[in-house]
Amino acid sequence: MPKSHAALWELGVYLFLAALAGSKKIRLMRHHNAEDHVSMSLAYVLTCTAMLRFGPAAGVLVGVTGSLSNGLFPKRQPLHQLFFNLTLTMIESWSSGLVFLWLNDNSLVLRNPGTYPAIAASSLVYFLVNTGGISVVLGLCTQQSSWKIWRETFFWTAPSYFAGSGVSTLAMLLFANQSAYVLILLAPFGWVMYQNYATTAARTEEKQQHIEELQVGQEHLADLYLATIKSLALAIDAKDQYTHQHILRVQRYAVAAAKHMGLNGVELEAINTGALLHDIGKLGVPEYVLLKPGRLTDEEFEKIKKHPEIGAAILDPVEFPWPVLPVVRSHHEKWDGTGYPDGLKGEEIPRTARILAVADVYDALTSSRSYRNAWTHERACEVLLKDRGTHFDPEVADAFLEIITGVVEEMAREGEGPLFEALNTAKLPTSKTEQAARDIHRASSELWALYEVVQTLSSSLGLEETLEILGRKLEAILPGTACLFLLKEAESENLQVRCTVGLNREFFTGASTLGKSSATLEAVSSGKTRLGEYQSDDLLLTASSSAQWVALRTALIVPITHQGEVLGTINLYHPELNAFGAHDQQLLETIAERAATALYNGMLFDRTRSHAFTDPLTGLGNLRHITQHVEECCGDPNTPPFALLCLDLDSFKPINDNFGHQRGDQVLRDLSALFLAHIKDGDLVARYGGDEFLIFLQGSGADQADVLAKTLQKAVEEYDPGLIHPRLGALHLGVSIGYACFPTDGNDFTMLVSTADVSMYREKTERKLGTLAGSDRLHFGAEFGLPRAA
């Protein structure tokens, strides 16, 4: 350590510069679920120079000064983090200084080139202790590999340490006794280094964020693929009554066999998707061929054999992320080379297609067709066993036979599959002629409408959106009508219009059934379709001063029934008499049948979503709700500044302890209403948990948050819960409030709520100790003490 006055002055310059440089940090790594960024301080150059000039002790002092500045400015670090950084700085500074002295013959004199290895070794020790210590702690906190963190995040920073020590060495060689002056002159150089590394780190973080956005985009793209595939596949499935749900069963069989054989990744996804689309080429096969009750002619069979090629051609423009086309094109190839369309043999056939071929044949054998009844599970398995090595890959056939019994038994317990159908033979058609006539009649009118509907049903989970799209589809199918979707009201027998399109929309919006004699309620009560004249007393309409009523004369009302429960009705009205016929009735009944499950799921989804985002006690939003809301705002580049308040009730526990949790719950409900009364439109109040709340203030800064905090504290203090304790008298409450502002105090929910929460609890503790008595600053909350007598 320096002893002369000049040396002490020089050391003071080092300390001053270290304090300035220590707050300049280079961000190196952004952690998910973490509040802080890993950073490097420019104070290392000063630490190294002080160590070479005065020795390890001075290096430790300068390093600690820089680290302390780093931890306090511009944002104060938590106490445990600050302690860790100071400790690590002392260890790395002292150890690197000792290594330098040991290799330099215990001297601070820079004698000759032999000193340079000592400086290099000292820099290496400083680098390893610094980055290694941080990597170990990060690995423990994030449950990641410390070695991986160090290699990917810190290894590339090594040149900066050696460059810094090189600058220090050069300064000492050229200006040994005037190094402090030189360091002042070299400050611009340090600023340039800081800007260079800060820019590099920012670009690295930007690239990482871009990669994450691409990954999220790929997930959304995969969801879009699946939704589109599902819509199209269900439309194809509806083309043939006999193959109803064929693709879903084949998908289940094939995926189970593939997993049993150890397939995963893209091959498994190819089978999962290809199973849904393997029969898409049947769009190019005439319906009379698909529905023909007897044996096909050679010419008709040639048409059937084209469907794999047609399917592959239809899907060729689609850039699937998995190899789907080989599955669709080759699922009718045979192991012995006698299949179609390409006559592939053995392992020339893609493995995914070989697996699908077995599943496809098994389901065809165990399903009814227009020309035969379904075969039993045992008989189908015998065919697979017999044809292994000729039709099927022996390995695939064996694997399929090992798992299929368990799969169909599980399906039978779920009420589907070949075993379940074998136990319910009454569901099979009574005659081939009757079944074929029914299917041909329905296929001529329902297929297109069902295709449109299944597209809708797979496009959204939300009830309102599903109803709106379904209404538009019906309006397109039956133009010139009024289309209404009515659903049951909660705790009431009445039905309310939830969606309306077409004629007289302004009058039907929000309408509800009128009296027990309502035609709509009669249809609900009987569970049967009502086709007849329009009744003006059916619905209680909404008045409209801007629209003109179009007189209606015909009504078609179809109940929407799900598992025996009537959810509502689809009402069609037309201005002409006898506008709807039996064909329209059958079409609407089919759509109602298909839509029932989707509407039920939509109602369940909306109900579940509401419960998932609502606190059941207070009716406020819950933590999940406000977290999602804040994260969405943080992620929107156009979001204006906002504040997040954290509230913690003071002296609430005595209420639960002395008056019971029911009275405590009532107090929480009262205060929830109080908080809601003090916020504006666009703000949000949520229950954080227990007696803690969060308030989101849209478009607000520190001043507005401070004003609201004071207002709420006064309102809570004046709130009278009406609770009288025999000894303490009337009980009163207080509230401690902290807040954080976006983007000043953080750029995500975790950082904002942590800042507000930690500061609020620190302020609460200090106020309890009496250190803030008389203070009028309410940035982080106020404590109103224990219950007091009236």
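Residues numbered from 1 in each chain as written. Predicted model: local features only at pLDDT ≥ 70, side-chain atom pairs only at ≥ 80, totals over all residues. Heavy atoms only, no water.

### Quick word on the overall build of the protein
Summing up its helical and strand segments, the protein has 29 helices and 15 strands in all. Taking all 790 residues of the protein together, the buried fraction comes to 47%. Excluding contacts between residues fewer than 6 apart, the proportion of contacts in the protein whose partners are at least 24 apart in sequence is 66%. Looking at the protein as shown, the accessible area adds up to about 39000 Å², and 56% of this sits on carbon and sulfur atoms. (Helix = DSSP H or I, 4+ residues; strand = E, 2+ residues; numbered from the N terminus. Buried < 20%, exposed > 50% of the residue type's maximum accessible area, 1.4 Å probe, protein only. Contact = heavy atoms within 4.5 Å. Areas by Shrake-Rupley, 256 points an atom, 1.4 Å probe, with all protein chains shown as cover.)

### Let's talk about the environment of Gly139
For Gly139, the position within the fold is in helix H5 (residues 115-142). Assessed through its relative accessible area of 6%, Gly139 is described here as buried. Put simply, Gly139 and Trp150 are 11 residues apart on the chain and 9.3 Å apart in space, counted from C-alpha to C-alpha. Not counting residues up to four positions away in its chain, the partners in contact with Gly139 are Gln144, Ser146 and Ile149.

### Considering the sheet that holds strand S15 (residues 734-742)
Across the sheet, which stays open at both edges, the four strands sit in the order S11-S12-S10-S15 with antiparallel pairing between neighbours. Each end of this open sheet is capped by a strand with a single partner; those strands are strand S11 (684-689) and S15. This sheet shows a mean twist of 20° between the axes of neighbouring strands, independent of strand direction. Two strands pair when backbone bridges link them, and strand S10 (residues 642-650) and S15 are joined in this way by nine bridges, in the antiparallel orientation. Each bridged residue has a counterpart across the sheet, and for Leu649 the counterpart in S15 is Val735. Along the sheet face, helix H27 (residues 661-677) touches S10, S11 and strand S12 (692-698) and points at about 150° away from the line of S10. The strands touched by helix H28 (residues 702-718) are S10, S12 and S15; relative to S15, the strand with the most contacts, the crossing angle is about 165°. (Pairing = 2+ DSSP bridges. Axes fitted to C-alpha atoms, helices over the stretch in contact; angles between N-to-C directions.)

### A word on the packing of aromatic side chains
With the rule as written, the count across this model stands at 15 aromatic pairs. Between the aromatic rings of Phe507 and Trp549, the centroid separation amounts to 5.4 Å while the plane-to-plane angle is 85°, which identifies the pairing as edge-to-face. Separated by 42 residues along the polypeptide, Phe507 in helix H22 (residues 505-508) and Trp549 in the loop between strand S7 (539-540) and strand S8 (554-562) bring together distant segments of the chain. Taking the relative accessible area as the measure of exposure, Trp549 reaches 31% and is therefore partly exposed. Counting every residue linked through ring pairs, the aromatic cluster contains Phe507, Phe508, Tyr534, Trp549 and Tyr573. Here Arg379 stacks its cationic end above the ring of Trp375, 3.6 Å away from the centre of that ring. (Phe/Tyr/Trp six-rings, centres within 6.5 Å; stacked < 30°, edge-to-face > 60°. Lys NZ or Arg CZ within 6 Å of the ring centre and 35° of its normal.)

### Observations regarding the side chain of Thr639
Here Thr639 lies in the loop between helix H25 (623-635) and S10. Polar contacts involving the side chain of Thr639 include one to the main-chain carbonyl oxygen of Cys633, which spans 2.6 Å. In this structure Thr639 touches Cys633 and Phe742, once residues within four positions along its chain are discounted. (Polar contact = N/O pair within 3.5 Å; in protein donor to acceptor, adjacent residues only side chain to side chain.)

### Focus on a nonpolar patch on the surface
A cluster of nonpolar side chains, Tyr116, Leu170, Leu173 and Leu174, forms an exposed patch at the surface whose accessible area comes to about 400 Å². The greatest single-element share of the nonpolar patch, amounting to three residues, is contributed by helix H7 (residues 158-174). Structurally, Leu170 can be placed in helix H7. (Patch = residues over 30% accessible without salt bridge, like charges linked within 9 Å, V, L, I, M, F, W, Y side chains within 5 Å. Salt bridge = Lys/Arg side-chain N within 4 Å of Asp/Glu carboxyl O.)

### Here's the deal with the packing of helix H16 (residues 351-365) against helix H17 (residues 377-387)
Packed helices, taken two at a time, are described by the angle their axes make and the gap between the axes. It is at 9 Å that the axes of H16 and H17 come closest, and there the two elements cross at 140°. Considering the relative orientation of H16 and H17, their crossing is right-handed. Only His377, Ala380, Cys381, Val383 and Leu384 of H17 make contact with H16, whose side of the interface consists of Val358, Val361, Tyr362 and Leu365. A class-by-class count of the residues in the contact of H16 with H17 yields eight nonpolar, one polar and no charged. (Left-handed = near helix turned anticlockwise from the far one by under 90°. Nonpolar A, V, L, I, M, F, W, Y, C, P; charged D, E, K, R; others polar.)

### Side note on unusual backbone geometry
The omega torsion across Tyr340 and Pro341 is 15°, close enough to zero to call that bond cis. Secondary-structure assignment places Pro341 in the loop between helix H15 (325-330) and H16. With omega at 5°, the peptide bond leading from Phe742 into Pro743 counts as cis. Tracing the backbone through its elements, the reader meets Pro743 in the loop between S15 and helix H29 (749-768). A positive phi angle, close to 55°, is found at Asn504, a residue other than glycine. Structurally, the position occupied by Asn504 is in the loop between strand S4 (495-502) and H22. Owing to a relative accessible area of 5%, Asn504 belongs among the buried residues under this scheme. Phi angles above zero are rare outside glycine, and Ser651 is one such case at about 65°. Here Ser651 is to be found in the loop between S10 and helix H26 (653-659).

### Looking at the pattern of salt bridges
If you walk through the whole model with that rule in mind, you get 16 salt bridges. Residues Arg252 and Glu410 are paired through a salt bridge, measuring 3.6 Å at the closest nitrogen-oxygen approach. Taken as a pair, Arg252 in helix H10 (residues 246-260) and Glu410 in helix H18 (residues 394-413) lie far apart in primary sequence, 158 residues in all. When its relative accessible area of 26% is taken as the criterion, Arg252 is described as partly exposed. When the shortest N-O distance is used, the salt bridge between Asp683 and Lys680 registers 3.2 Å. What you see here is one network of salt bridges that share partners, running through Arg252, Glu410, Glu414 and Glu416.

### Comments concerning the nonpolar core
Residues Tyr253, Ile355, Tyr362, Phe400 and Ile404 are the most contacted members of the largest nonpolar core, which totals 41 residues. In terms of residues, this core owes the most to one element, H18, which gives nine residues. Among all residues touching Phe400, those that are not within four sequence positions of it are Tyr253, Ala257, Val358, Ala359, Tyr362 and Leu384. (Core = buried A, V, L, I, M, F, W, Y, C linked by side-chain atoms within 4.5 Å.)

### What about the state of the cysteines?
Cysteine pairs can be linked by a disulfide, which is a covalent bond between their two sulfur atoms. In total, this model carries zero disulfides according to the counting rule given. No disulfide involves Cys633; its sulfur sits 6.9 Å from the nearest other cysteine sulfur, which is in Cys634. Given the relative accessible area of 11%, Cys633 is considered buried. (Disulfide = S-S within 2.5 Å.)

### Quick word on H27
Between its first and last C-alpha, H27 extends 24 Å over 17 residues, near the 24 Å set by a 1.5 Å rise per residue. Listed as buried for H27 are Gly664, Val667, Leu668, Leu671, Ser672, Leu674 and Phe675. An end-on view of H27 places all buried positions within 160° of arc, on one side of the element. Opposite the buried face of H27, by more than 90 degrees, sit the exposed residues Gln662 and Ala677. Buried residues belonging to H27 abut S10, H26, S11, S12 and H28. (Expected span 1.5 Å × (residues − 1). Arc of directions from axis to C-beta.)

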